[in-house]
Amino acid sequence: KIGVRGNHIFPKDKFRFDYNLYFYSFPTKYWGIGYNNARNKENETDYDDLRIQMRMDFYIHLMKGLYFGPGISFDWIKARRVENRDLWGSLPLTTRDFGIGLQARWDTRDNLTAPEKGWLIELNQKFYPKHILNDDYFADTDFHINHYFNIWKGGIIATRYHTKISYGDVPWGMLPTFGGSSCMRGYYEGKYRDKGEMDFTIELRQHVWRRNGIVVWGGVGSVFPKLSRMRIDRLLPNCGIGYRWEFKKHTNVRLDFGIGKGETGFIFNINEAF
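Residues numbered from 1 in each chain as written. Predicted model: local features only at pLDDT ≥ 70, side-chain atom pairs only at ≥ 80, totals over all residues. Heavy atoms only, no water.

Q: Provide a residue-level description of the overall build of the protein, including the pertinent values.
A: Helix and strand content of the protein: one helix and 13 strands. Helices and strands in the protein line up, N terminus first, as β-β-α-β-β-β-β-β-β-β-β-β-β-β. Computed over the C-alpha atoms, the radius of gyration of the protein is 19 Å, within 12% of the 19 Å expected from 2.2 N^0.38 for a compact globule of 274 residues. Taking the principal axes of its C-alpha atoms as reference, the protein extends roughly 55 × 40 × 40 Å. When burial is assessed residue by residue, the protein has 46% of its 274 residues classed as buried. The long-range fraction of contacts in the protein, counting pairs at least 24 apart against all pairs at least 6 apart in sequence, stands at 54%. (Helix = DSSP H or I, 4+ residues; strand = E, 2+ residues; numbered from the N terminus. Rg over C-alpha atoms; globule rule 2.2 N^0.38 Å. Buried < 20%, exposed > 50% of the residue type's maximum accessible area, 1.4 Å probe, protein only. Contact = heavy atoms within 4.5 Å.)

Structure (structure tokens):
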């Protein structure tokens, strides 16, 4: 995986520019679309995920903590060396997806990489018009709320609620999903995918000694074809524990062990999960 990402804050915070550009290729797994397919162990199939992704969001500072602006995105995705083509059905293995949209953000965090207090509330609406690099029309709505506050000396509670819902003929590689290093840690990234995803996490971050700290978290999440078909009995639990080493102010090296329903995972990364 090769790429660059950043958050640029202009003088006097009049504007903000967020970007994420990367290319990656690696062997991974696919279970199909939907909760039932992901729970079926016989569906697990290997393939190589080749992907180019670009995200650029520009924000105008309207008032204290409030930002609004346009955004664009481009994704080129190809599944190679597919073990079981039937899991994709009639869906093409290669897609190009160009999106345009708007986003609003309310941000009162004290810093971007390891917040100790404040709120982040963000709504991102993207449209993928037909015939502008896209074979079919689709759209998605991404919404999340993060809150951070001190609970006692050295102890911070961080909470995150997130949902992403897509509409139209959504390519398999653009469907909402969770897992990996930041969302529902411990689940295999991309195993659960559908037109809708929702998750909630609460995490205690405790400074222990000098540059050392620990975290514990718990949460739930699920995927669904549409919001009206979300079911309580399909909520998936998530919990875990992690170690933090602060190698410079507000920048942590993290090692997490996440536990999901029937699976676990180790995560090594820079900065907090959210």
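Back to the write-up after that little detour.
Q: Before we move on, can you summarise the pairing of strand β9 (residues 196-209) with the specific residues and values?
A: Where strand β8 (residues 155-168) and β9 come together, 11 bridges link them in antiparallel fashion. Across the sheet, residue G155 finds its bridge partner in β9, namely Q206. Alignment of β9 against strand β10 (residues 212-224), held across 13 bridges, turns out to be antiparallel. Each residue of the ladder has a partner; that of G196, found in β10, is F224. Between β9 and β10, which pair antiparallel one after the other, the connecting turn spans two residues, and R210 there sits at a positive phi close to 50 degrees. (Pairing = 2+ DSSP bridges.)

Q: Let's hear about a nonpolar patch on the surface: which residues, and what values?
A: A grouping of V208, W209, I214, Y243, W245, F247, L255, F266, F268 and I270 is seen on the molecular surface, where their side chains present a nonpolar patch of about 1100 Å² in accessible area. Among the secondary structure elements, those contributing two or more residues to the nonpolar patch are β9, β11 (236-248) and β13 (263-270). Within the fold, F268 resides in strand β13. Residue F268 is classed as exposed on the basis of its relative accessible area, which comes to 63%. (Patch = residues over 30% accessible without salt bridge, like charges linked within 9 Å, V, L, I, M, F, W, Y side chains within 5 Å. Areas by Shrake-Rupley, 256 points an atom, 1.4 Å probe, with all protein chains shown as cover. Salt bridge = Lys/Arg side-chain N within 4 Å of Asp/Glu carboxyl O.)

Q: Kindly report on the nonpolar core, identifying the contributing residues and their values.
A: Counting residues in each nonpolar core, the largest one holds 13 residues, and the members touching the most others are Y30, Y47, A79, W88, W172 and M174. Once residues within four sequence positions are removed from consideration, M174 is found in contact with R55, D75, I77, D97, Y128 and F138. (Core = buried A, V, L, I, M, F, W, Y, C linked by side-chain atoms within 4.5 Å.)

Q: Provide a residue-level description of the side chain of N252, including the pertinent values.
A: Tracing the chain through its elements places N252 in strand β12 (residues 251-260). Here the side chain of N252 touches E272 through a polar contact of 2.9 Å, side chain to side chain. With residues up to four places along the chain from it excluded, the contact list for N252 reads A114, R244, W245, E246, N269, I270, N271 and E272. (Polar contact = N/O pair within 3.5 Å; in protein donor to acceptor, adjacent residues only side chain to side chain.)

Q: Can you lay out the layout of surface pockets for me, pointing to particular residues and giving the numbers?
A: What the second largest pocket holds in volume is close to 400 Å³. Forming the boundary of the second largest pocket are 22 residues, of which E116, I156, H207, E246 and N252 lie nearest the centre. Elements supplying a minimum of two residues to the lining of the second largest pocket: β8, β9, β10 and β11. If you tally residues by element for the lining of the second largest pocket, the top one is β10, at four residues. Grouping the constituent residues of the lining of the second largest pocket by class yields five nonpolar, nine polar and eight charged. (1 Å grid on protein atoms, 1.4 Å probe; cavity = no way out; pocket = protein on both sides within 12 Å on 5 of 7 lines; lining within 4 Å. Points joined across faces, edges and corners; volume = space filled by probe spheres on them. Nonpolar A, V, L, I, M, F, W, Y, C, P; charged D, E, K, R; others polar.)

Q: Before we move on, can you summarise the environment of T141 with the specific residues and values?
A: Mapped onto the secondary structure, T141 falls in strand β7 (residues 138-152). The class of T141 is buried, set by a relative accessible area of 17%. Those residues in contact with T141 that lie beyond four places of it in its chain are L123, N124, Q125, T163, K164, I165 and Y167. Of note is the side chain of T141, whose polar atom sits 2.5 Å from the side chain of Q125.

Q: Would you mind going over the pattern of salt bridges in detail, with residue names and values included?
A: Scanning the entire structure with this criterion turns up 21 salt bridges. Between D107 and R16 there is a salt bridge, with its nearest N and O atoms 3.0 Å apart. Of the two residues, D107 is situated in strand β5 (residues 94-107) and R16 in strand β2 (residues 15-30); the sequence distance between them amounts to 91 residues. For the pair formed by D107 and R16, the shared burial category is buried. A salt bridge links R244 to E272; the nearest nitrogen and oxygen atoms lie 3.0 Å apart.

Q: Outline the packing of aromatic side chains, listing residues and values.
A: Given two aromatic rings, their pairing is described by the distance between the two centres and the angle made by the two planes. Inspection of every chain in the model, using the stated rule, returns 22 aromatic pairs. Aromatic pair F15 and F58: ring centres 5.5 Å apart, planes at 25 degrees, arrangement stacked. One end of the pair, F15, is in strand β2; the other, F58, is in strand β3 (residues 45-63), with 43 residues separating them in the sequence. Under the relative-accessibility criterion, F15 is labelled partly exposed at 32%. (Phe/Tyr/Trp six-rings, centres within 6.5 Å; stacked < 30°, edge-to-face > 60°.)

Q: Summarise the pairing of strand β6 (residues 118-128); cite the residues concerned and give the values.
A: The alternating pattern of β6 places G118, L120, E122, N124, K126 and Y128 on a buried face, while none of W119, I121, L123, Q125 and F127, on the opposite face, is buried. Relative to β6, β5 runs antiparallel, the two sharing eight bridges. Considered in β6, the bridge of L102 is made with Q125.

Taken by themselves, the reported measurements are silent on function.
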